[in-house]
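# Overview (structure and organization)
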Amino acid sequence: MSSIEPIVLVHGGAGDIPTERVEGKLVGVKLAAKVGYAKLLDSGSVLDAVEVAVRSMELDPYFNAGYGSVLTTEGNVEMEASIMNGATLRAGCCSLVKDIMHPISLARRVMKTPHNFLAGEGVMQFAVQEGFEIMDPPGQLVTDFAKEALEEWKEATHRGENEFARTEIGSSNKYSKTEVGTVGAVAIDSLGNIAVATSTGGITGKLPGRIGDTPLVGAGTYADNRVGGVSTTGHGETIMRYSLAHDILKRIEFLGEDAQTATENSCKTMTDRLTGTAGAITIDCKGQVGVSFTSKRMAWAYIKGKQLKYGIEQDQHLEETVQE
C-alpha cells in the first residue's frame with residue numbers, strides 16, 4: 001500500500017454567516033489548519049492534530065465553541081464535544097460542560113475511561129479529578145456577542161419570527177448577526193490513520209440541558225480507518241435524526257462514492273427530506289477530501305503538502321502556499 005499524503009481539514013461552522021463575520025472566520029480556520037498540520041508533522045498523531053486544531057478555534061470568539069459559545073435561554077454557556085480514533089473506533093464525548101475553556105480536551109480525556117460519553121454533573125466532577133481548570137467566578141465564557149445574540153433571539157421569538165431550523169437569528173436590527181456553528185477537524189496521516197474532533201456551544205436560546213448532534217458518534221463525528229472520517233455542523237436536531245456523519249461514510253463504503261460526492265449527496269438529501277441545513281467535512285481512507293454544505297456559508301480550510309485550500313461561499317476554493 002502506497003503512503004498517503006497527510007492532511008488536516010477543518011470547518012468553523014455552517015450557517016447564515018453575515019458578511020462582517022466572513023474575514024474573521026477565514027482567518028480562524030486557516031490558523032486552525034496550520035496549527036493542526038504542524039502538530040501532525042511534529043507528533044505523528046492524528047488525535048493530537050485534530051485536538052489542537054479545535055482548541056485553536058475554541059479560543060476564537062468568531063466561532064461558536066469554547067470562548068465564542070452561544071447562550072441558553074437562561075443566559076448560560078453549556079458546551080459539548082466529541083473526538084474519535086479511526087484506528088480503534090474509541091470515542092470520547094461530553095455534554096453540558098460549563099466554565100471550561102477546552103471541551104475538546106475534556107472529550108479526549110473521556111477516552112481514558114471505560115465509557116464513551118460523560119455529561120452534566122458527572123463530567124464536571126471528572127474534569128475536576130483530571131485537573132481541568134474550572135473558571136471561577138463562573139460565566140467568564142459569556143461574550144458580549146453571545147449576550148446580544150440571545151437578546152435578539154428573544155426579541156425575534158416574541159415577534160414570532162424564529163422559524164424552524166434557521167441557522168441564524170435574522171432581523172433588521174444590529175443583533176442579527178449570529179449563526180449556529182460548530183467547529184471540527186479531520187486528519188489523516190501517511191499510514192491512513194484517521195481522527196475526527198468536533199466542539200460546539202450549541203444554538204442560541206436552547207433550553208438548559210439540550211444536547212445536539214456534536215457529541216453523538218455517527219451524527220456529529222465519526223472516524224473509521226477502513227472508510228474515512230467526518231465532522232458535521234448545522235442544525236443539530238436535523239443532523240442527529242439523519243445520522244449525517246455515518247450516512248456520508250456509508251455512501252463511501254457501500255455506494256463507492258468519493259469523499260466529495262458522498263458529502264454533497266448526503267447533505268443535500270438530508271436537507272431535502274428534513275428541511276434543516278448542515279455542512280460536513282470528510283477525508284476518506286484514500287486521502288480524498290470532501291467539503292459541502294446546504295447552508296448559506298461554511299468556513300473551511302485544509303493543508304496538504306505545501307498547499308492551503310480554503311473557502312466560505314458555495315463553490316469557493318481559494319488557495320495559497322504554506323510558508324515554511
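Only a predicted model underlies this, so the values are computations on that prediction, with no experimental measurement involved.

## Considerations on the overall build of the protein chain
When you go through the protein chain residue by residue, the secondary structure sums to eight helices and 15 strands. What you see for the protein chain is a C-alpha radius of gyration of 18 Å, in line with the 20 Å of a compact globule of 324 residues. Its C-alpha atoms give the protein chain principal-axis dimensions of roughly 60 × 45 × 40 Å. Residues counted as buried form 60% of the 324 residues belonging to the protein chain. For the protein chain, the proportion of contacts with a sequence separation of at least 24, taken over those separated by at least 6, is 64%. Surface summary for the protein chain: the accessible area is close to 13,000 Å², and the carbon and sulfur share equals 49%. Where the 31 positive side-chain charges of the protein chain centre and where its 42 negative ones centre are 2 Å apart.

## Some details on the side chain of Thr198
Here Thr198 is to be found in strand S8 (residues 194-200). Within the structure, the side chain of Thr198 is placed 2.6 Å from the side chain of Thr221, a separation counted as a polar contact. Beyond its immediate chain neighbours, meaning those up to four positions away, Thr198 contacts Glu80, Ala81, Ser82, Ile104, Thr182, Val183, Gly184, Thr214, Gly220, Thr221, Ser231 and Thr232.

## Here's the deal with the pairing of strand S12 (residues 289-293)
Of all five residues in S12, five are buried, a share of seventy percent or more. Connecting strand S11 (residues 278-284) to the next strand, S12, in antiparallel fashion are four residues, including Gly287 with a positive phi near 85 degrees.

## A few points about the sheet that holds strand S14 (residues 307-311)
Within a sheet, each strand pairs with its neighbour through backbone hydrogen bonds, oriented either parallel or antiparallel. Read across the open sheet, the nine strands follow the order S4-S3-S2-S8-S7-S1-S13-S14-S15; overall the sheet is mixed. Taken across any chain shown, the strands that pair with only one partner, and hence form the sheet edges, are strand S4 (117-119) and strand S15 (318-321). Within the sheet, the average angular offset between the axes of one strand and its neighbour, ignoring direction, is 10 degrees. Looking at chain direction, S14 and S15 are connected through four bridges and run antiparallel. Looking at the pairing, Lys309 lines up with Glu319 of S15. Sheet contacts for helix H2 (residues 46-58): strand S1 (7-15), strand S2 (79-85), strand S7 (183-188) and S8; angle to S7, the most-contacted strand, approximately 155 degrees.

## Some points on the side chain of Asn85
Structurally, Asn85 can be placed in strand S2. Sequence-distant contacts of Asn85, that is, excluding residues within four places in its chain, are made with Leu47, Arg90, Met111, Ile194 and Ala223.

## Some thoughts on the environment of Phe145
Note that Phe145 resides in helix H5 (residues 144-158). With relative accessibility at 19%, the residue Phe145 sits in the buried group. It is 8.5 Å that separates the C-alpha atoms of Phe145 and Pro61, two residues lying 84 residues apart in sequence.

## Considering helix H3 (residues 103-110)
For H3, the tally of buried residues reaches six of eight residues, placing the bulk of the element in the interior. Among all positions of H3, only Pro103, Ile104, Ser105, Leu106, Ala107 and Val110 are buried. Close packing links the buried residues of H3 with H2, S2, strand S3 (91-97), S4, helix H4 (120-129) and S8.

## Here's the deal with the confidence of the model for the protein chain
Detail in the predicted coordinates should be disregarded across regions flagged by low pLDDT. The pLDDT averaged across the protein chain works out to 92; a share of 94% of its residues lies at or above 70. Overall, residues 165-178 carries pLDDT values under 50, and its contacts beyond four positions in sequence, including any with other chains, amount to 45 contacts.

## Digging into unusual backbone geometry
Of note, the amide linkage connecting Asp136 to Pro137 takes the cis form, showing an omega dihedral of 5 degrees. Inspection of the secondary structure assignment puts Pro137 in the loop between H4 and H5. You will see that Ser243, though not glycine, has its phi angle at about 50 degrees, which is positive. By secondary structure assignment, the location of Ser243 is in the loop between helix H6 (236-242) and helix H7 (244-255).

## As for the packing of aromatic side chains
With the rule as written, the count across this model stands at one aromatic pair. Ring geometry for Trp300 versus Tyr302: centroids 6.1 Å apart, planes at 25 degrees, classification stacked. In this structure, Arg21 packs its charged tip against the face of Phe145, placed 4.1 Å from the ring centre. Lys30 extends its terminal NZ or CZ atom over the ring of Tyr310, reaching a point 4.4 Å from the ring centre.

## Topic: the pattern of salt bridges
Here the idea is simple: oppositely charged side chains can pair when their charged atoms come close. Throughout the structure, instances matching the rule amount to 16 salt bridges. Its salt-bridge partner being Asp48, residue Arg108 comes within 2.6 Å of it at the nearest N-O pair. With Arg108 in helix H3 and Asp48 in helix H2, this residue pair connects regions lying 60 residues apart in the sequence. Look at Arg108 and you get partly exposed, because its relative accessible area is 22%. Salt-bridge contacts for Glu78 lead to Lys98; the nearest nitrogen and oxygen are separated by 3.9 Å. Placement of Glu78 in the loop between H2 and S2 and of Lys98 in the loop between S3 and H3 is noted, with a sequence separation of 20 residues between them. One network of salt bridges, in which partners are shared, links Asp48, Glu51 and Arg108.

The rules behind each value
- Residues numbered from 1 in each chain as written.
- Predicted model: local features only at pLDDT ≥ 70, side-chain atom pairs only at ≥ 80, totals over all residues.
- Heavy atoms only, no water.
- Helix = DSSP H or I, 4+ residues; strand = E, 2+ residues; numbered from the N terminus.
- Rg over C-alpha atoms; globule rule 2.2 N^0.38 Å.
- Buried < 20%, exposed > 50% of the residue type's maximum accessible area, 1.4 Å probe, protein only.
- Contact = heavy atoms within 4.5 Å.
- Areas by Shrake-Rupley, 256 points an atom, 1.4 Å probe, with all protein chains shown as cover.
- Lys, Arg positive; Asp, Glu negative; His and termini not counted.
- Charge placed at Lys NZ, Arg CZ, Asp CG, Glu CD.
- Polar contact = N/O pair within 3.5 Å; in protein donor to acceptor, adjacent residues only side chain to side chain.
- Pairing = 2+ DSSP bridges.
- Axes fitted to C-alpha atoms, helices over the stretch in contact; angles between N-to-C directions.
- pLDDT = per-residue confidence, 0-100.
- Phe/Tyr/Trp six-rings, centres within 6.5 Å; stacked < 30°, edge-to-face > 60°.
- Lys NZ or Arg CZ within 6 Å of the ring centre and 35° of its normal.
- Salt bridge = Lys/Arg side-chain N within 4 Å of Asp/Glu carboxyl O.

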